[in-house]
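# Tertiary structure, described
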Amino acid sequence: MAENNLGNLFHYDKKVTLSEVAPLGLQHVMAAFVGILTPGIMIAKVCNLSAEDTTLVIQTALIFSGLATLLQIFPLFRKFGARLPMMMGASFAFVPILLSIGADFGIAAIFGSQLVGSIMVIFIGLMIKKIRILFPPIVTGTVILSIGFSLFPTAIKYMAGGAGNPDFGSLKNWSVALITFAVVFCFNYFSRGILQLSSILIGVVAGYILSFILGMVNFEPVREAAFIQMIRPMHFGFDFQIVPIMTLLIMFMVDAVQTIGKFTATTVGAMDREPSDSELSGAIMGSGLANFIGSFFGAIPVGTFGQNVGLVISTKAINKFILAFASAILLVAGFIPKVASLLTTIPFAVIGGATISVFATIAMTGLKTIIQEELTPENSGIVGISLAFGIGVVLSKNCLAGFPGWVTTIFGSSEVILTTIMAIILNLLLNHLKKHLKEGRKSRFYNSKGEKSMGT
């Protein structure tokens, strides 16, 4: 295919062929699939769910990841959804808190808290014009940078075979991961056209074939999976408990900030512009609506997927039909467990090798966003101090041991959460309060004409 025939892939609305969007859509599925499945599996285990209920949680995660993505690219009532190329999926950011809630209160408390939290998210979306002053590029860039940093360990653990794998860190895993990375690297930087755009998919296929040859692929889940299975509303019910609700409310607020950061990364990195207020409002409200409906069906919270943000940025392929194709695969996989189980046979080492460069792209997009503003002492302090707290607390295990457990759950589980909160607070202190105080002092020494006051 000639390169000049691929131009429509870089425009949101233009018509494209199935052969053009399929490789790019599959890349998004490959990048997101493990992340979509894993949270549901972890929560099902901590809640002691049966095999049937575990399958149901996985199904709903897939289905609502697909529906939430479609909602973002095809907004409902022009209010719910951003009309931007963003992949949504079961969010890892919520996992530590959901595990704690599930273990102490049960799975019904998760969905009761999610129902309440999603309503608040919709409200935040409605108010975005009034609160966007809290999120200038220096803040969103810092958040994006922390998102990239937070994903680096995930990629490395995947390359080593996945945490908990008996062969974690083995030479076999690293060999597959590095060969996969090398294929992606070569096609991404030394090819053009559709081969360059499909570098992730080509790397995954190469790594998968190598893994199969080395005996690392297990098809038993495919044989055991059912052909068709429907999801059921209100199967898990609701339980409204004040502690889980308050904890998840905080997490939903932080996730709204992450949503702003990731949509900003997408538009800055792939479209060379900041997102509009209406786009950010639609993004947050779309996420809230998806989580509200999902709570009735047993779908754990969905959020923006950082690895897919990196894919959009690195390829700059923003056509809506690419993600529509990816969403269709997720929906099919959700209703046909045979398909879902086939995708789960991709070894972690392959996923890690294929996505580590994508995560690096996210971090660099954060840096690009930060340097849009002058790196004054105040701005440098915002970035440096926020990252120091966010990354330092997470890396320093048990440093919050003297606090109640919920403090560690919220602030010690993700670099992004504390970094986000610190960036917002420091920006208000250094770029707003300090400026206001400085202007106040100046006004006491000068009259309205700028002349020095006689009383000084």
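Heads up: the structure comes first, above all this text.
These remarks concern the structure in this document. (Residues numbered from 1 in each chain as written. Predicted model: local features only at pLDDT ≥ 70, side-chain atom pairs only at ≥ 80, totals over all residues. Heavy atoms only, no water.)

Turning our eyes to something else, we now look at the packing of aromatic side chains. Tallied over the entire structure, the rule returns eleven aromatic pairs. With centroids separated by 5.8 Å and ring planes inclined at 35 degrees, the aromatic side chains of Phe-111 and Phe-236 adopt a geometry described as tilted. Taken together, the residues span a long stretch of sequence, with Phe-111 in helix 4 (residues 107–126) and Phe-236 in the loop between helix 10 (220–224) and helix 11 (242–271) at a distance of 125 residues. Each member of the pair, Phe-111 as well as Phe-236, carries the same accessibility label: buried. Ring geometry for Tyr-158 against Phe-348: centres 5.1 Å apart, planes inclined by 50 degrees, an arrangement best described as tilted. Of this pair, Tyr-158 sits in helix 6 (residues 137–159) while Phe-348 sits in helix 16 (residues 348–370); the two residues are 190 residues apart in sequence, bridging distant segments of the chain. A relative accessible area of 11% places Tyr-158 in the buried class. (Phe/Tyr/Trp six-rings, centres within 6.5 Å; stacked < 30°, edge-to-face > 60°. Helix = DSSP H or I, 4+ residues; strand = E, 2+ residues; numbered from the N terminus. Buried < 20%, exposed > 50% of the residue type's maximum accessible area, 1.4 Å probe, protein only.)

All right, on to the environment of Pro-337 then. Counting through the fold element by element, Pro-337 comes out in helix 15 (residues 337–343). Considered as a pair, Pro-337 and Pro-221 are 116 residues apart in the sequence and their alpha carbons are 9.6 Å apart. Among all residues touching Pro-337, those that are not within four sequence positions of it are Ala-225, Ala-226, Phe-227, Ile-228 and Gln-229. (Contact = heavy atoms within 4.5 Å.)

A separate point is the pattern of salt bridges. As enumerated under the stated definition, the model contains five salt bridges in all. The closest approach of N and O atoms between Arg-223 and Glu-220, which form a salt bridge, is 2.7 Å. With Arg-223 and Glu-220 both in helix 10 and three residues apart, the pair spans about one turn of that helix. The exposure class of Arg-223 is exposed, given its relative accessible area of 56%. A salt bridge links Lys-368 to Asp-272, with the shortest nitrogen-to-oxygen separation between them at 3.9 Å. Taken together, the residues span a long stretch of sequence, with Lys-368 in helix 16 and Asp-272 in the loop between helix 11 and helix 12 (277–297) at a distance of 96 residues. (Salt bridge = Lys/Arg side-chain N within 4 Å of Asp/Glu carboxyl O.)

The topology assignment puts Gln-59 in helix 2 (residues 51–73). Filtering out sequence-adjacent residues up to four positions away, Gln-59 remains in contact with Gln-229, Met-230, Ile-231, Gly-334 and Phe-335.

Take the packing of helix 11 against helix 12 next. Packing of helix 11 against helix 12 leaves a shortest axis separation of 10 Å and a crossing angle of 135 degrees. Regarding the angle of helix 11 to helix 12, the classification is oblique. As helix 11 packs across helix 12, the resulting crossing turns out to be right-handed. Facing Phe-252, Asp-255, Ala-256, Thr-259, Ile-260 and Phe-263 of helix 11, the residues of helix 12 in contact are Leu-280, Ala-283, Ile-284, Ser-287 and Asn-291. (Axes fitted to C-alpha atoms, helices over the stretch in contact; angles between N-to-C directions. Parallel < 35°, antiparallel > 145°, perpendicular 65-115°, else oblique. Left-handed = near helix turned anticlockwise from the far one by under 90°.)

Moving on, we come to the side chain of Glu-415. The residue Glu-415 is located in helix 19 (residues 415–445) in this model. In this structure, Glu-415 is buried with no salt-bridge partner, the nearest side chain bearing the opposite charge being Lys-397 at 7.6 Å. Sequence-distant contacts of Glu-415, defined by excluding residues within four places in its chain, comprise Ser-150, Gly-390, Ile-391 and Val-394. (Lys, Arg positive; Asp, Glu negative; His and termini not counted.)

To continue, consider the nonpolar core. If you look at the biggest cluster of nonpolar residues, it comprises 112 residues, and the most contacted ones within it are Leu-62, Ile-107, Ile-110 and Leu-248. Broken down by element, the residue count for this core peaks at eleven residues, all from helix 11. Counting nine residues, the second largest nonpolar core, distinct from the first, contains Val-16, Val-21, Ile-194 and Ile-322. (Core = buried A, V, L, I, M, F, W, Y, C linked by side-chain atoms within 4.5 Å.)

Below, the discussion takes up the environment of Ile-202. By the secondary structure assignment, Ile-202 is in helix 9 (residues 199–213). Taking C-alpha positions, Ile-202 is 8.8 Å from Pro-23, a pair spaced 179 residues apart along the chain. Those residues in contact with Ile-202 that lie beyond four places of it in its chain are Val-183, Phe-187 and Leu-195.

Attention shifts here to a nonpolar patch on the surface. Together, Val-205, Ile-209, Phe-212, Ile-213 and Leu-214 line one region of the surface with nonpolar side chains, adding up to about 480 Å² of accessible area. You can see Ile-213 is positioned in helix 9. According to the relative accessible area criterion, Ile-213 is exposed, its value standing at 62%. (Patch = residues over 30% accessible without salt bridge, like charges linked within 9 Å, V, L, I, M, F, W, Y side chains within 5 Å. Areas by Shrake-Rupley, 256 points an atom, 1.4 Å probe, with all protein chains shown as cover.)

So far we have only geometry, and geometry alone does not tell us how the molecule works.
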